[in-house]
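These are the residues of each chain, in order.
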Amino acid sequence: MNTRLLILGTGGMANNHAEGFAKIPGVELVGGVDTRPENLKAFCEKHGIANGFASVAEALDWGGFDAVTNVTPDAVHFATTMPCLTAGKHVLCEKPLATQAADARAMAEAAAQAGVVNMVNLTYRNVPALQQAARMVTEGAIGTVRHFEASYLQSWLTQPAWGDWRTEAQWLWRLSSAHGSKGVLGDVGIHILDFATFIAGQPADAIACQLAAFDKAQGGRIGEYSLDANDSAVMQLRLAGGALGVVHATRFATGHLNDLRLRIYGDLGGLEVGFEGAVSRLRACLGDNRLTAAWEDVACPDVPTIYERFVAAIRGEGPMEPDFARGAVLQSLLDRAEDSAAQGGISLSV
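My aim in this report is to walk through the structure given alongside it, one point at a time. (Residues numbered from 1 in each chain as written. Predicted model: local features only at pLDDT ≥ 70, side-chain atom pairs only at ≥ 80, totals over all residues. Heavy atoms only, no water.)

**Some remarks on the side chain of Glu-272**
As for its position among the elements, Glu-272 is in strand E14 (residues 269-276). Within polar-contact distance, the side chain of Glu-272 engages the side chain of Arg-283 at 2.7 Å. Leaving out residues up to four positions away in the same chain, Glu-272 has contacts with Leu-262, Arg-263, Arg-281, Leu-282, Arg-283 and Trp-295. (Helix = DSSP H or I, 4+ residues; strand = E, 2+ residues; numbered from the N terminus. Polar contact = N/O pair within 3.5 Å; in protein donor to acceptor, adjacent residues only side chain to side chain. Contact = heavy atoms within 4.5 Å.)

Spelled out as structure tokens, the structure:
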């Protein structure tokens, strides 16, 4: 069965989507959507896409597609996804699902009512160690979860490996709330919160958060950009089963370009999950090894990409995971984290 795909948005990440979907047998890239005609034309020519549209409405009037991958800016995910759901199109949406929990919940409800495949691109679900660790926790390998610590560490505010944040708009907007940024919490917080709670196999029922934006330029501004979005986030979580944990994220972690880590402990053992230097690794301390605090590497099978999983779900060949409902849960958690920080870091129920 062929799957005809429309790509919403033609920015940098859209190229990853186009290339990823193009590798899947039976997937045809049939259209692109962007309000910028020159960008749209170049994108369609680059990926051999025959049809270009200036709006979602124009593409829906044409209608020659089965599924949509939404790679638009965060602030327009809601407005661009809802018409596609109403039209009965399957949708893969970039994270975060929306910029506030009410919109994310509305998207999840609309997708359920439409009966279409709906998934959110939480990139690190593609990490083999994450998936294997989640299976082990579900199977009881570490017993009852009691404690965890998770981190997402970046360092692009301390060195120019990805570009000069002082001069490049692609980084400066991420430091400015007036340009739509919710800081490191909004940018990568969703990833590390999913990383921790998915592996633990439990939702959070309480969160406390502290946020900090540090002085980075004279007067706190570079050109049109006011550098007020948070650079570091520290959270305390209580899971539904009673376990406690800490989660933190920063852009000031020298020595870490883009690293995630989770340590999770139960009454029967512990796991260490890492995705550092783009390398996935899982270690376990189980059984008699608990007596000597010995850790062993755990083999982790490869994981299909989000693009492969989305197409498989459309074809009835795999689960629809992570879905919009999961995206809405995470958005609610992020909203409560922001609320907590605004109130001085008090603990709030989720």
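That shown, we press on.
**Observations regarding the pattern of salt bridges**
Scanning the model with the defined rule gives 18 salt bridges in all. For Arg-238, the salt bridge is made with Asp-205, and the minimal N-O distance between the two is 2.9 Å. Here Arg-238 is found in strand E11 (residues 232-239), whereas its partner Asp-205 is found in strand E8 (residues 204-212), with 33 residues between them in sequence. Overall, the relative accessible area of 38% leaves Arg-238 in the partly exposed class. For Arg-261, the salt bridge goes to Glu-276, with nearest N and O atoms at 2.9 Å. Of this pair, Arg-261 sits in strand E13 (residues 258-266) while Glu-276 sits in strand E14; the two residues are 15 residues apart in sequence, bridging distant segments of the chain. Here the salt bridges share partners, and the residues they tie into one network are Lys-95, Arg-174, Asp-187 and Arg-251. (Salt bridge = Lys/Arg side-chain N within 4 Å of Asp/Glu carboxyl O. Buried < 20%, exposed > 50% of the residue type's maximum accessible area, 1.4 Å probe, protein only.)

**As for the packing of aromatic side chains**
Applying the stated criterion across every chain, the model contains 9 aromatic pairs. Plain terms: the ring middles of Phe-21 and Phe-310 are 6.1 Å apart, the flat faces sit at 70 degrees to each other, and that makes the pair edge-to-face. You can see Phe-21 sitting in helix H1 (residues 12-22) and its partner Phe-310 sitting in helix H10 (residues 306-314), a full 289 residues away along the chain. Comparing Phe-21 with Phe-310, the two get one shared label, buried. Between Trp-62 and Phe-65 the ring centres are 6.2 Å apart and the planes differ by 25 degrees, which places this aromatic pair in the stacked class. Grouped by ring-pair contacts, the aromatic residues Phe-21, Tyr-307 and Phe-310 constitute a single cluster. Cation over ring: Lys-89 sits above Phe-65, and NZ or CZ is 4.5 Å from the ring centre. We note Arg-125 situated over the ring of Phe-198; from NZ or CZ to the ring centre the distance is 3.7 Å. (Phe/Tyr/Trp six-rings, centres within 6.5 Å; stacked < 30°, edge-to-face > 60°. Lys NZ or Arg CZ within 6 Å of the ring centre and 35° of its normal.)

**Let's talk about the sheet that holds E13**
Strand order in this open sheet of 9 strands is E16-E15-E14-E13-E7-E12-E11-E8-E17, and the pairing throughout is mixed. Whereas interior strands pair on both sides, the edge strands pair on one side only; in this sheet they are strand E16 (296-297) and strand E17 (348-349). (Pairing = 2+ DSSP bridges.)

**Here we look at the sheet that holds strand E5 (residues 90-94)**
Spatial strand order, E3-E2-E1-E4-E5-E6: 6 strands in an open sheet with parallel pairing. At either end of the open sheet lies a strand with only one pairing partner, and these are strand E3 (51-53) and strand E6 (118-121). For this sheet, the mean inter-axis angle between neighbouring strands, taken without regard to orientation, is 25 degrees. Direction of pairing for strand E4 (residues 67-70) relative to E5: parallel, over a ladder of 4 bridges. In the strand pairing of E5, Val-68 is matched with Val-91. (Axes fitted to C-alpha atoms, helices over the stretch in contact; angles between N-to-C directions.)

**Structural notes on unusual backbone geometry**
In the segment running from Lys-95 into Pro-96, the intervening peptide bond is cis, with an omega of -15 degrees. Among the secondary structure elements, Pro-96 is positioned in the loop between E5 and helix H5 (101-114). Between Glu-321 and the following residue, Pro-322, the backbone shows a cis peptide bond with an omega angle of 0 degrees. Tracing the chain through its elements places Pro-322 in the loop between H10 and helix H11 (324-342). For Ala-278, which is not a glycine, the phi torsion comes out positive at approximately 65 degrees. Note on placement: Ala-278 falls in the loop between E14 and strand E15 (279-286). Relative accessible area serves as the criterion here: at 60%, Ala-278 is assigned to the exposed category. Phi is positive for Ala-293, close to 55 degrees, though the residue is something other than glycine. Tracing the sequence through the fold places Ala-293 in the loop between helix H9 (289-292) and E16.

**Quick look at the packing of helix H8 (residues 183-200) against H11**
Between H8 and H11, whose axes approach to 10 Å, the crossing angle comes to 120 degrees. Seen along the crossing, H8 lies across H11 with a hand that is right-handed. Contacts between H8 and H11 involve Leu-185, Gly-189, Ile-190, Leu-193, Asp-194, Thr-197 and Phe-198 on the former and, on the latter, Arg-326, Leu-330, Leu-333, Leu-334, Ala-337 and Glu-338. Grouping the amino acids of the contact of H8 with H11 by side-chain chemistry returns 8 nonpolar, 2 polar and 3 charged. (Left-handed = near helix turned anticlockwise from the far one by under 90°. Nonpolar A, V, L, I, M, F, W, Y, C, P; charged D, E, K, R; others polar.)

**Quick look at the pairing of E11**
Relative to E11, E8 runs antiparallel, the two being bridged by 8 bridges. Bridge assignment links Ala-212 to a residue of E11, and that residue is Ser-232. Where E11 meets strand E12 (residues 244-250), 7 bridges bridge the pair, whose relative direction is antiparallel. Looking at the pairing, Gln-236 lines up with Val-246 of E12. What sits between E11 and E12 in their antiparallel hairpin is a turn of 4 residues, with Gly-242 showing a positive phi close to 105 degrees.

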